[in-house]
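The chain contents come next:
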Amino acid sequence: MFKVGDLALLIDRKDRKYLIKLKENGKFSSHLGEIEHNDILGKEEGILIESKLGGKYLALKPLLRDYIVKMPRGAQVIYPKDVANIIIWGDVFPGAKVIEAGTGSGALTLYLLRAVGLDGLVISYEQREDFLQKAMKNIKNYFEEPKNLILKCKDIYLGIEEDDIDRIILDLPEPWKVIPHTLNSLKDGGVIISLLPTVPQITKFVEELNNTKRFYPIDVFETMMRYWNVKQQSVRPEHFMVSHTAFIVIARKINKDISFFESSLEHWKTEY
Ligand code: SAH
């Protein structure tokens, strides 16, 4: 049931979405007239609410991806299709100790907090104080007081202060500058993940990973997600899609020199 402090997503007949935080005696104004928050409070999600001028809205609790597209942004936020791959291919698990940089608007941070759960920990580095403040607001608006989060106003290129880390996730322009710091902070067997929009960045990052001889295997891929239109006889792909967002590089840190494995690299890849 909806209660005071909950977020509610209101969807009109034209599929326009509005996100509100429910307050006692609060009001939501739209071109279809006001809606009283009290009409939503105490009701089950999935109900239809009518505004003063007879406009109908479907009221749901927002999914995390609904919330992220509506929250205020500073930097470009990560796309859900990329988050999905980071969480699964990067194997971010409940209880994991994860380092993230940079925090940006906190979109990826929100997903990581949920993936690691209350037994895990997300330590997020952001060099800009103003972005950090904005991210904190976005995060608290969704999770209130997250006990599994540490936000740090720090340049991660200068070092990582924590050790015994399970996963390191980098969404910043020069991730190769972080590689030397991962050697002491990331556990052997741990995973490093980097999101990179351009090819020269991949080349540089992979080359630097290889130079350490401490990462294997190193996988690089991208995800294209195409929506389909399904209406009676018209069943076809949508005309437009978000094709390029970023490439994902994922590698595991190992204890010793990788030379032993190099010849079997192709074999490893064909297993998936
Ligand atoms: N993944 C974020 C978006 C990150 S955008 C999200 O989903 O919202 C990249 C962020 O990295 C920017 O906020 C930028 O200020 C930060 N950044 C860039 N270089 C950095 C560094 N050396 N240390 C910490 N943060 C950095």
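Just so you know, these numbers come straight off a predicted model, no measurement behind them.

Draft legend 1. Region of interest: the nonpolar core. Core analysis: the largest hydrophobic core is formed by 31 residues, its most contacted members being Ile68, Val92, Leu112 and Ile169. Breaking this core down by element, the ones donating at least two residues are α1 (64-70), α2 (80-89), α3 (107-116), β11 (186-196) and β15 (247-253). Sort the elements by how many residues they give to this core and α3 lands first, with 8 residues. Here Ile169 is in contact with Ile86, Val92, Val98, Ile99, Glu100, Ala101, Leu108, Leu112 and Ile193, once residues within four sequence places are set aside.

Draft legend 2. Structural view of the side chain of Lys253. For Lys253, the position within the fold is in strand β15. Residue contacts for Lys253: discarding those within four places in its chain leaves Thr182, Leu183, Leu186, Lys187, Asp188, Gly189, Gly190, Arg214 and Phe215.

Draft legend 3. View of the site of the ligand. The ligand sits among 22 residues. The nearest are Glu126, Phe131, Asp155, Ile156 and Asp171. Contact between the ligand and Glu126: an oxygen atom at 2.6 Å from a side-chain N or O atom of the residue. At a separation of 3.2 Å, a nitrogen atom of the ligand approaches a polar backbone atom of Gln127. If the ligand stood free it would expose 590 Å²; the protein chains cover 92% of that surface.

Draft legend 4. Representation of the environment of Ser30 in the model. The topology assignment puts Ser30 in strand β3 (residues 27-30). Expressed as a C-alpha distance, the spacing of Ser30 and Lys52, which sit 22 residues apart in the sequence, is 9.9 Å. A distance of 2.6 Å separates polar atoms of two side chains, one belonging to Ser30 and the other to Tyr57.

Draft legend 5. Spatial organisation of the pattern of salt bridges. With the rule as written, the count across this model stands at 20 salt bridges. The partner of Asp91 in a salt bridge is Arg167, with the nearest N and O atoms 3.1 Å apart. Placement of Asp91 in the loop between α2 and β7 (97-101) and of Arg167 in strand β10 (residues 165-170) is noted, with a sequence separation of 76 residues between them. Counted as one network, the salt bridges with shared partners bring together Lys27, Glu34, Glu36 and Lys52.

Draft legend 6. Representation of the sheet that holds strand β12 (residues 215-221) within the structure. One open sheet accounts for 7 strands, arranged β9-β8-β7-β10-β11-β15-β12; its pairing is mixed. One side of each edge strand has no neighbouring strand; the edge strands of this open sheet are β9 (149-153) and β12. Geometrically, the sheet is characterised by an average inter-axis angle of 15° between neighbouring strands, direction not taken into account. Where β7 meets β10, 4 bridges bridge the pair, whose relative direction is parallel. Among the inter-strand pairings, Ala101 is bridged to a residue of β10, identified as Leu170.

Conventions used here
- Residues numbered from 1 in each chain as written.
- Predicted model: local features only at pLDDT ≥ 70, side-chain atom pairs only at ≥ 80, totals over all residues.
- Heavy atoms only, no water.
- Core = buried A, V, L, I, M, F, W, Y, C linked by side-chain atoms within 4.5 Å.
- Buried < 20%, exposed > 50% of the residue type's maximum accessible area, 1.4 Å probe, protein only.
- Helix = DSSP H or I, 4+ residues; strand = E, 2+ residues; numbered from the N terminus.
- Contact = heavy atoms within 4.5 Å.
- Near = heavy atom within 4 Å.
- Polar contact = N/O pair within 3.5 Å; in protein donor to acceptor, adjacent residues only side chain to side chain.
- Areas by Shrake-Rupley, 256 points an atom, 1.4 Å probe, with all protein chains shown as cover.
- Salt bridge = Lys/Arg side-chain N within 4 Å of Asp/Glu carboxyl O.
- Pairing = 2+ DSSP bridges.
- Axes fitted to C-alpha atoms, helices over the stretch in contact; angles between N-to-C directions.

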